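What follows is the residue order along each chain.
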Amino acid sequence: MAIHITDSLSQVTGCTKDNPRLDNYLWLSLTVQLDYFDAENHGPQDRDYIATTLKNNKFVKHKELINAHHSSIPLTNFNWIKNNPYQWDYIHENLKTELTLSLIPLNPHIPTPSNTNNKIISHQQLIFSKTQTITTYLHGKDYVIATIDAINISNTDKIDLINKIERKWNDEAKWLQIFNWFDDDRKRISYTWDWMSNKYPERTATSKILSNIEDLKYFFKNNFISRLEREAIIEKIKKAWNQSEQRRKNTDTSQLNVVISKKSKESLDLLAKTQGISRNKIIENLIENELKKQSSIAGKLH
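Since this is a predicted model, take the numbers as computed values, not measurements. (Residues numbered from 1 in each chain as written. Predicted model: local features only at pLDDT ≥ 70, side-chain atom pairs only at ≥ 80, totals over all residues. Heavy atoms only, no water.)

1. Looking at the overall build of the chain
Per the secondary structure count, the chain includes 16 helices and 2 strands. Every one of the 302 residues in the chain was classed for burial, and the buried ones make up 38%. Taking the contacts inside the chain whose residues are at least 6 apart along the sequence as the reference set, 63% of them involve residues at least 24 apart. (Helix = DSSP H or I, 4+ residues; strand = E, 2+ residues; numbered from the N terminus. Buried < 20%, exposed > 50% of the residue type's maximum accessible area, 1.4 Å probe, protein only. Contact = heavy atoms within 4.5 Å.)

2. Quick look at the nonpolar core
Core analysis: the largest hydrophobic core is formed by 69 residues, its most contacted members being Leu 26, Leu 54, Leu 95, Phe 179, Phe 182 and Phe 220. Per-element accounting of this core gives the leading share, 7 residues, to helix α2 (residues 20-33). If near-sequence neighbours (up to four positions away) are discounted, Leu 95 is found in contact with Phe 128, Val 144, Thr 147, Ile 148, Leu 161 and Ile 165. (Core = buried A, V, L, I, M, F, W, Y, C linked by side-chain atoms within 4.5 Å.)

3. Topic: the environment of Trp 195
Examined against the element boundaries, Trp 195 turns out to sit in helix α10 (residues 186-199). Here the alpha-carbon distance between Trp 195 and Ile 237, two residues 42 residues apart in the chain, equals 7.3 Å. Discounting residues that sit within four places of it in the chain, Trp 195 has contacts with Tyr 200, Ile 233, Lys 236, Ile 237 and Ala 240.

4. Side note on the pattern of salt bridges
Applying the stated rule across the entire model yields 14 salt bridges. Between Arg 203 and Glu 202 there is a salt bridge, and its shortest N-O distance comes to 3.6 Å. Take Arg 203: its relative accessible area is 22%, and that puts it in the partly exposed class. Residue Lys 208 is joined to Asp 215 by a salt bridge in which the shortest nitrogen-to-oxygen separation is 3.3 Å. A network of salt bridges, in which partner residues are shared, links Asp 7, Asp 23 and Arg 47. (Salt bridge = Lys/Arg side-chain N within 4 Å of Asp/Glu carboxyl O.)

5. Some points on empty space enclosed by the protein
Over the atoms, a rolling probe the size of a water molecule traces out where space has been left empty. Summed over the entire model, instances satisfying the criterion amount to 2 cavities of 30 Å³ or more. One number sums up the size of the second largest cavity: a volume of about 40 Å³. Contributing to the lining of the second largest cavity are Leu 9, Thr 13, Cys 15, Lys 17, Asn 19, Leu 22, Asp 23 and Arg 47. A class-by-class count of the residues in the lining of the second largest cavity yields 3 nonpolar, 2 polar and 3 charged. (1 Å grid on protein atoms, 1.4 Å probe; cavity = no way out; pocket = protein on both sides within 12 Å on 5 of 7 lines; lining within 4 Å. Points joined across faces, edges and corners; volume = space filled by probe spheres on them. Nonpolar A, V, L, I, M, F, W, Y, C, P; charged D, E, K, R; others polar.)

6. What to know about a nonpolar patch on the surface
A grouping of Ile 283, Ile 287 and Leu 291 is seen on the molecular surface, where their side chains present a nonpolar patch of about 270 Å² in accessible area. Of note, Leu 291 is situated in helix α15 (residues 279-293). (Patch = residues over 30% accessible without salt bridge, like charges linked within 9 Å, V, L, I, M, F, W, Y side chains within 5 Å. Areas by Shrake-Rupley, 256 points an atom, 1.4 Å probe, with all protein chains shown as cover.)

7. As for the packing of α2 against helix α4 (residues 62-70)
Here α2 crosses α4 at 130°, and the two axes come no closer than 11 Å. As the angle between them shows, α2 and α4 are arranged oblique. Helix-helix and strand crossings are classified by hand; for α2 and α4 the assignment is right-handed. Across the interface between the two elements, Arg 21, Leu 22, Tyr 25, Leu 26 and Ser 29 of α2 pack against Leu 65, Ile 66, Ala 68 and His 69 of α4. In terms of residue class, the contact of α2 with α4 is made up of 6 nonpolar, 2 polar and 1 charged. (Axes fitted to C-alpha atoms, helices over the stretch in contact; angles between N-to-C directions. Parallel < 35°, antiparallel > 145°, perpendicular 65-115°, else oblique. Left-handed = near helix turned anticlockwise from the far one by under 90°.)

8. Here we look at α4
All of the buried residues along α4 are Leu 65, Ile 66 and His 69. Along α4, the residues classed as buried sweep out an arc of 95° about the axis, all on the same side. Opposite the buried face of α4, by more than 90 degrees, sit the exposed residues Lys 63 and His 70. Where α4 is buried, its residues contact α1 (8-13), α2, α3 (47-56) and α8 (140-150). (Arc of directions from axis to C-beta.)

9. Details of the packing of aromatic side chains
For the structure on display, the rule yields 17 aromatic pairs. Taking the centre distance of 5.1 Å and the plane angle of 40° together, the rings of Phe 37 and Tyr 49 count as tilted. Linking Phe 37 in the loop between α2 and α3 with Tyr 49 in helix α3, this pair joins segments that are 12 residues apart in sequence. Pairing Trp 195 with Tyr 200 gives two aromatic rings, centres 6.4 Å apart and planes at 50°, and the pair type is tilted. (Phe/Tyr/Trp six-rings, centres within 6.5 Å; stacked < 30°, edge-to-face > 60°.)

10. Structural notes on the environment of Thr 136
Examined against the element boundaries, Thr 136 turns out to sit in helix α7 (residues 131-137). Sequence separation between Thr 136 and Glu 40 is 96 residues; the distance between their C-alpha atoms is 8.2 Å. Here the side chain of Thr 136 touches Gln 132 through a polar contact of 2.8 Å, landing on its backbone oxygen. (Polar contact = N/O pair within 3.5 Å; in protein donor to acceptor, adjacent residues only side chain to side chain.)

11. Some points on the packing of helix α5 (residues 85-100) against α8
Two elements in contact, α5 and α8, have axes whose closest approach is 9 Å; the angle formed by their N-to-C orientations is 20°. Judged on the interaxial angle alone, α8 and α5 are roughly parallel. Seen along the crossing, α5 lies across α8 with a hand that is left-handed. Residues Trp 88, Ile 91, His 92 and Leu 95 of α5 touch α8, and the partners they reach there are Gly 140, Lys 141, Tyr 143, Val 144, Thr 147 and Ile 148.

Structure below.
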């Protein structure tokens with residue numbers, strides 16, 4: 001059964017259904033452009049404050065502002081955004097880059113901010129100058145959708161922008177597979193931190209100790225700009241890890257040189273092949289089995 005909302009904001013918007021996307025859009029639009037809107041103390045959930053602002057400011061064309069949202073791009077355009085903080089940060093950075101390169105017209109339904117005399121302002125000034133306040137209330141996918149909804153550009157341009165960032169993310173996601181080797185293995189991640197602290201102390205000095213694979217991704221992203229450099233370092237870490245593991249294993253083994261007949265060697269090779277294990281393991285197993293039997297090998301040789 002659908003829940004109908006009959007508060008002050010529903011009366012202003014005419015929407016009696018729960019619609020967080022509309023709430024976020026209205027709140028973000030007012031936050032970035034209306035001077036006295038107190039976004040720091042009133043988030044998107046404060047529907048009464050949003051409603052009061054829309055009704056009491058005669059310069060805010062709230063009907064036009066709301067109608068503009070009715071034709072927003074479908075949510076399906078955002079389906080590729082998952083519950084992934086690393087992905088969210090990647091999208092935020094690319095949004096900032098793409099939008100800062102363009103001049104975005106101010107929303108004509110809200111008064112021009114006092115800090116500009118122009119009707120055109122860079123999106124860097126418009127939204128990203130208030131990122132700290134905005135991200136206090138909007139996170140991840142909600143932040144991305146609200147930002148796209150609030151931008152005063154055509155739906156075609158919005159879809160092109162989202163598709164462009166999606167393509168870039170897909171490329172980034174493929175590259176991130178290089179971290180699959182770590183597999184959230186605490187030993188490998190701890191080893192990586194020790195290795196990096198030894199090789200690049202100036203980079204680890206200002207970073208928190210790595211505890212999981214997400215920490216690892218951010219560490220490389222923040223400290224090594226070039227993908228080629230990241231790949232080269234990860235390959236060095238993998239090589240050093242493998243050598244370390246081999247040395248550890250070697251401490252539990254010793255080398256034994258023996259001479260056996262050609263026929264016995266062929267039999268040993270055949271056993272190793274059919275059993276799918278090394279010749280060393282075959283010999284070790286034979287010895288262990290004889291010890292368990294406590295039989296006399298010498299007697300069998302006569």
